[in-house]
Amino acid sequence: MESTGTAPARVLTVAANNNSRREVSAPPPAIPASVRAGAQWFFWIVSLIGMDSVLTGFGSHLHRFTGLGITDLLSGLANHSGSDAALHLVVNGWMAIGFLFLGYCALEGRKWAFVLGMAAYAVDATMLAAAGDYLSVAFHAIIFAAIFRGFAALRRVASSEPSEAVSAAHAG
């Protein structure tokens, strides 16, 4: 069975007195620094999305290599309606919320958050590549690699944890 990235809480049985026993949950294992470092890149993405939104809000026409491909795509489609900046801000807001959520889940050591975040960022990089924005694609690749290092560290930690059966054999 594949792990979801977090180990189940270990349950210890403690004798309260001679006739009764109670179960106490041990705290979950600490998340290693290498995993946390990869997860924190989701927060950098949120910061870059915010910077892109501020630049767009002030009407900047400078090339923003920190922006997202999805917002560029939707802004291009909205150019005809005149709601370009408003749509850009709304899409950036939703994307920031999504990456913020993924960042918090990844900090808790959840594999699915890393996988979903990397997939979303890879799709975004593909949109930028299709638009010919290769500087942004390179920037996305650097951030993707940093997130992947955290994911790989999480996989190493998960594979080095003893199985529940071995733990139970040693406990009793």
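Residues numbered from 1 in each chain as written. Predicted model: local features only at pLDDT ≥ 70, side-chain atom pairs only at ≥ 80, totals over all residues. Heavy atoms only, no water.

> Let's hear about the confidence of the model for the protein: which residues, and what values?
Per-residue pLDDT for the protein averages 79, and the proportion of residues at 70 or more is 69%. The spread of mean pLDDT over the elements of the protein runs between helix α7 (residues 164-171), the lowest at 41, and helix α5 (residues 111-130), the highest at 95. Per-residue pLDDT stays below 50 along residues 163-172; that stretch engages in two contacts with residues further than four places along the chain or on separate chains. (pLDDT = per-residue confidence, 0-100. Helix = DSSP H or I, 4+ residues; strand = E, 2+ residues; numbered from the N terminus. Contact = heavy atoms within 4.5 Å.)

> Tell me about the packing of helix α2 (residues 41-57) against helix α6 (residues 134-160), and please be specific about residues and values.
Taken N-terminus to C-terminus, the directions of α2 and α6 make an angle of 150°; their axes are 9 Å apart at the nearest point. With respect to each other, α2 and α6 are oriented roughly antiparallel. On α6, the residues touching Trp41, Phe42, Ile45 and Leu48 of α2 are Phe139, Ile143, Ala146 and Ile147. In terms of residue class, the contact of α2 with α6 is built from eight nonpolar, no polar and no charged. (Axes fitted to C-alpha atoms, helices over the stretch in contact; angles between N-to-C directions. Parallel < 35°, antiparallel > 145°, perpendicular 65-115°, else oblique. Nonpolar A, V, L, I, M, F, W, Y, C, P; charged D, E, K, R; others polar.)

> Describe the pattern of salt bridges, with residues and values.
Side-chain pairing between opposite charges can occur once the charged atoms of the two side chains come close. Applying the stated rule across the entire model yields one salt bridge. Of the charged contacts in the structure, one is a salt bridge between Arg110 and Glu108, with a shortest N-O distance of 2.8 Å. (Salt bridge = Lys/Arg side-chain N within 4 Å of Asp/Glu carboxyl O.)

> How would you explain α5 if you had to name every residue and give the values?
Over its 20 residues, α5 runs 29 Å from end to end, which matches the ideal 28 Å to within 8%, given 1.5 Å per residue. Looking at the residues trailing α5, positive phi occurs at Gly132, about 80°. (Expected span 1.5 Å × (residues − 1).)

> Which residues make up the packing of α5 against α6, and what values do they have?
Closest axis-to-axis distance for the α5/α6 pair is 10 Å, and the angle between their directions is 165°. The pairing of α5 with α6 is recorded here as roughly antiparallel in orientation. Considering the relative orientation of α5 and α6, their crossing is left-handed. Of the residues belonging to the contact of α5 with α6, the class tally is 17 nonpolar, three polar and three charged. (Left-handed = near helix turned anticlockwise from the far one by under 90°.)

> A description of the nonpolar core should follow, citing residues and the corresponding values.
Ranked by internal contacts, the top residues of the largest apolar core, which has 26 residues, are Phe42, Ile45, Phe99, Phe114 and Ile147. In terms of residues, this core owes the most to one element, helix α4 (residues 84-107), which gives seven residues. Once residues lying within four places of it in the same chain are set aside, the contact partners of Ile147 are Gly38, Trp41, Phe42, Ile45, Phe114 and Met118. (Core = buried A, V, L, I, M, F, W, Y, C linked by side-chain atoms within 4.5 Å. Buried < 20%, exposed > 50% of the residue type's maximum accessible area, 1.4 Å probe, protein only.)

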